[in-house]
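Here are the chains, one letter per residue:
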Amino acid sequence: MTGLPIVETKANDISAYIPTNVISITDGQIFLESDLFNQGQRPAINVGLSVSRVGGDAQTRAMKDVIKTLKLDLAQYRDLEAFAQFGTENLDKVSRQQLARGERLLELLKQGQYAPFSVPDQIISLWAGTSGNIDEVPVEDVKNFEQEFISYVHSKFPGFVSTVDETGKLPSDGLETLKTAIDDFKNGFSGGASGTRAGTEAKADALAKGSEKSESVKVNKPKPEDD
């Protein structure tokens, strides 16, 4: 028999009597935090407080290969997040990089309702984040980047996708394939929201210049008065 207890915590306190006892008798916990939910992180899973006694045994080999640093990256981000509220100018380069990566990993971990990811899609997405290949992508563009990159890999490297799907493992040249894919993809990625803004601004500038030119043409010199 399998039991799936669901416990409501007060003020996210998992040290209270009932949560503590449930934790002690179950094989793992997924901790959904209301603060994360209100911040727009959905599903609102607190990665640091969610634990599993099964651990990596439940993961495919491909998943193990791409998420080795995921929990550490998120833990470092949480540690630095409080300091970042006062500005990042006093943080060193490594700390700023950890913040940037953490912000983008959280974006990748957001999932729409009724929008499950296949195992290959999870591998592609999480590899892009943990490998640092989206550290320079604007946060507001991350989801668009993720969706387009996944589609790109499906289109250009179907053998990679089918191997991961059928075996749960990366192909022998899997990491090299992903690196080639993302390098090629970045050359054609125009961006999401920020790309749209940039295009809109460029169009507005062009229209403004055209308007100025039009106005300059329309200005006529006054005709000399008849004697």
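See above for the structure.
Figured I'd write up the structure that's included with this text. The structure presented is a predicted model; accordingly, all values stated were derived computationally and were not measured.

What about helix H6 (residues 119-130)?
Compared with the 16 Å implied by 1.5 Å per residue over 12 residues, the 16 Å span of H6 between its first and last C-alpha is a close match. Burial of H6 is extensive: 10 of the 12 residues sit out of reach of the surface. Along H6, the residues classified as buried are Pro-120, Asp-121, Ile-123, Ile-124, Ser-125, Leu-126, Trp-127, Ala-128, Gly-129 and Thr-130. On its buried side, H6 packs onto helix H3 (61-66), helix H4 (70-84), helix H5 (93-108), helix H7 (142-156), helix H8 (158-167) and helix H9 (174-188). Gly-132 sits one or two residues past H6 and shows a positive phi near 85°.

Considering the nonpolar core
Ranked by size, the top nonpolar core spans 34 residues in total, and within it Ile-124, Phe-145, Phe-149 and Phe-160 carry the most contacts. Elements supplying a minimum of two residues to this core: H3, H4, H5, H6, H7, H8 and H9. Excluding residues within four positions of it along the chain, Phe-149 makes contact with Ile-124, Trp-127, Ala-128, Leu-178, Ala-181, Ile-182 and Phe-185.

Quick look at the packing of H6 against H8
Direction vectors running N to C along H6 and H8 enclose 115°, while the axes themselves pass 8 Å from each other. Along this stretch, H6 crosses H8, giving a crossing that reads as right-handed. For the pair H6 and H8, the contacting residues are Val-119, Pro-120, Ile-123 and Ile-124 in the first and Phe-160, Val-161, Val-164 and Asp-165 in the second.

Focus on the pattern of salt bridges
For the structure on display, the rule yields seven salt bridges. Between Lys-110 and Glu-107 there is a salt bridge; the shortest N-O distance is 2.8 Å. Classification of Glu-107 as buried rests on a relative accessible area of 15%.

Some thoughts on unusual backbone geometry
Omega for the bond connecting Arg-42 with Pro-43 falls within 30 degrees of zero, at 5°, which places this linkage in the cis form. Within the secondary structure layout, Pro-43 lies in the loop between helix H2 (34-38) and strand E2 (51-52). Located in the positive-phi region is Asn-12, a residue other than glycine, with phi close to 60°. Within the secondary structure, Asn-12 is located in the segment before helix H1 (17-25). Positive phi, close to 60°, is recorded for Tyr-114, a residue that is not glycine. Locating Tyr-114 in the fold gives a position in the loop between H5 and H6.

About the criteria used
Residues numbered from 1 in each chain as written. Predicted model: local features only at pLDDT ≥ 70, side-chain atom pairs only at ≥ 80, totals over all residues. Heavy atoms only, no water. Helix = DSSP H or I, 4+ residues; strand = E, 2+ residues; numbered from the N terminus. Expected span 1.5 Å × (residues − 1). Buried < 20%, exposed > 50% of the residue type's maximum accessible area, 1.4 Å probe, protein only. Contact = heavy atoms within 4.5 Å. Core = buried A, V, L, I, M, F, W, Y, C linked by side-chain atoms within 4.5 Å. Axes fitted to C-alpha atoms, helices over the stretch in contact; angles between N-to-C directions. Left-handed = near helix turned anticlockwise from the far one by under 90°. Salt bridge = Lys/Arg side-chain N within 4 Å of Asp/Glu carboxyl O.

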